[in-house]
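Chain residues, written in single-letter form:
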Amino acid sequence: MNKILVEYIIRLFSIIANIYATIPQANVKDFISSFLKKEFSHENVREFVLRFEENYEKYKKIKAENKTPLKEILIELTREVNDKLPQWERFVILIRLLLFNKFLLRYPFYLGGKKGRLSELLKEISIELNIDHKEFDNCKSFVEEKLYNLKYKENLLLLCEKQPFNIDINIFEKEDFKGQLFFLIVKSINLIMFYYKGNDTIYFNNQLIFPENIYILPEGASIRGDNIEPIYYNEILRKFLSEETKPITFRAKDLEFSFKNSNNGIHDLNITIESGQLIGIIGRSGVGKSTLLSLLNGTMIPQKGSVTINGYDITKDKHKLEGLIGYIPQDDLLVEELSVFKNLYLNAKLCFGDINDVEIEQKVNRLLKDLDLFNVRYLKVGTPLNKYISGGQRKRLNIALELIREPYILFADEPTSGLSSSDSEDIMRLFSEQTIKGRIVVMNIHQPSSDAFKSFDKILMLDREGYPVYFGNP
């Protein structure tokens, strides 16, 4: 959770606490502190609480002056959030507000007999945050642990030791797991929430899980206990989103390539990659990471060895593998004078000669929504120096140029290079989503964060002159 997101959360809570003045300010501060201290230092939490107090007094004064209704200010702030924060962060805000509502439902006298009004206000906020009403209803029922109210039970998963008798939800059986873990997915962004019912001691990213507390399971996270196998984010996500696709086996065997008058290149490489895997290639500068991608995607031909897809050689059987491989270079391929929409639309027109303009436009708009680019679709791309869209948006659009073709195997050269940590997380999340659909993604990456590192299924490490020294579990 970044500080910009926290600032918005604090301002929203300051206004709501003033709208419902019967709620003790101390209780609101305790609630805010309880989730912030899991991610920030004691010093930062104290600073945020002071910010809440300042905002609270500010909106209290506005309320006393009675010039502008606080609800109008709240809705205006929510619209600002919608314009400035990506959908993932908007959902984080909504979940915090739903948890606050759940907390207050235990103490209805705080709401002064207006028990249902806060729920109605949160529904209005969700609309302004551009959150689908079905996903809002599901999240609300899950947070309040009223699973019988869930309208879309296919988005619910129960992890337990043995399937309970006659239950109509998805079950994930885990041997020797005592208790029950309930997971809910928000499919539009692959956000997963969970809570635990049981008596065992289990941990989420090394933090103790308290029964019936609601947690967000971020990408790369794991749930562990003394007597159970670790439960990983990707493992849970695949239970929700697995699609029936033909299995793919990508294999490089005895691969050799050396540059002229040099020993630099790739030497004695043997790797096998299966459908649904995200592979990271790491190593210091100059060890041959980009060269390896060029060999694996067929733009360079190895001097020895072979690269095959389900037994077909990518150089000898090119015509049989047409359209299977996608490649995202480090330098973007955008037309700077055109809008975000036009860049993707013209690219799609070149790729799809057999579908009409209306279908192409639908495909483009659908992908722009998936990549959280729909709100900037009419902005000109511009140059890296004369920007109209952010660096993260530019990178996502560049990725979209390949994703529109829906390749089964995707190679990406330094896709997170030069991006902020939050933009890098978005890119990693995007590639993880592709593997859930059964695709293979192989990417070079410099200095991955710990979360990014854990999201890979396998890591290939190259040493000097292009010698592989490790290929396996991160």
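This text goes with the structure placed above it.
Residues numbered from 1 in each chain as written. Predicted model: local features only at pLDDT ≥ 70, side-chain atom pairs only at ≥ 80, totals over all residues. Heavy atoms only, no water.

Caption draft 1: Examining helix H3 (residues 42-65) more closely. For H3, built from 24 residues, the straight-helix expectation of 34 Å at 1.5 Å per residue is met to within 8% by its first-to-last C-alpha distance of 35 Å. Of all the residues in H3, the buried ones are Asn44, Val45, Phe48, Val49, Phe52, Asn55, Tyr56 and Tyr59. A positive phi of about 60° marks Asn66, the residue just after H3. (Helix = DSSP H or I, 4+ residues; strand = E, 2+ residues; numbered from the N terminus. Expected span 1.5 Å × (residues − 1). Buried < 20%, exposed > 50% of the residue type's maximum accessible area, 1.4 Å probe, protein only.)

Caption draft 2: Region of the structure containing the packing of aromatic side chains. Applying the stated rule across the entire model yields 18 aromatic pairs. Ring geometry for Phe31 against Phe35: centres 5.9 Å apart, planes inclined by 70°, an arrangement best described as edge-to-face. Linking Phe31 with Phe35, this pair stays in helix H2 (residues 25-36), spanning four residues, or about one helical turn. By relative accessible area, Phe31 is classed as buried at 13%. (Phe/Tyr/Trp six-rings, centres within 6.5 Å; stacked < 30°, edge-to-face > 60°.)

Caption draft 3: Region of interest: the packing of helix H6 (residues 117-128) against helix H7 (residues 133-143). Close contact between H6 and H7 brings their axes to 10 Å; oriented N to C, the two are set at 140°. It follows that H6 is oblique to H7 by the angle criterion. Here the hand of the crossing between H6 and H7 comes out right-handed. Together, Ser119, Leu122, Lys123 and Ser126 of H6 and Phe136, Asp137 and Lys140 of H7 make up the contact between the two elements. Here the contact of H6 with H7 is composed, by residue class, of two nonpolar, two polar and three charged. (Axes fitted to C-alpha atoms, helices over the stretch in contact; angles between N-to-C directions. Parallel < 35°, antiparallel > 145°, perpendicular 65-115°, else oblique. Left-handed = near helix turned anticlockwise from the far one by under 90°. Contact = heavy atoms within 4.5 Å. Nonpolar A, V, L, I, M, F, W, Y, C, P; charged D, E, K, R; others polar.)

Caption draft 4: Summary view of unusual backbone geometry. One non-glycine residue, Asn310, lies in positive phi territory at about 50°. Note that Asn310 resides in the loop between strand E13 (304-309) and strand E14 (312-313). One non-glycine residue, Glu414, lies in the positive phi region at around 50°. Tracing the chain through its elements places Glu414 in the loop between strand E16 (409-412) and helix H13 (421-436).

Caption draft 5: Region of the structure containing a nonpolar patch on the surface. On the surface, Tyr203, Leu208 and Phe210 cluster together to form a nonpolar patch covering roughly 270 Å² of accessible area. Position of Tyr203 among the secondary structure elements: in strand E5 (residues 202-204). Tyr203 sits in the partly exposed class, given a relative accessible area of 33%. (Patch = residues over 30% accessible without salt bridge, like charges linked within 9 Å, V, L, I, M, F, W, Y side chains within 5 Å. Areas by Shrake-Rupley, 256 points an atom, 1.4 Å probe, with all protein chains shown as cover. Salt bridge = Lys/Arg side-chain N within 4 Å of Asp/Glu carboxyl O.)

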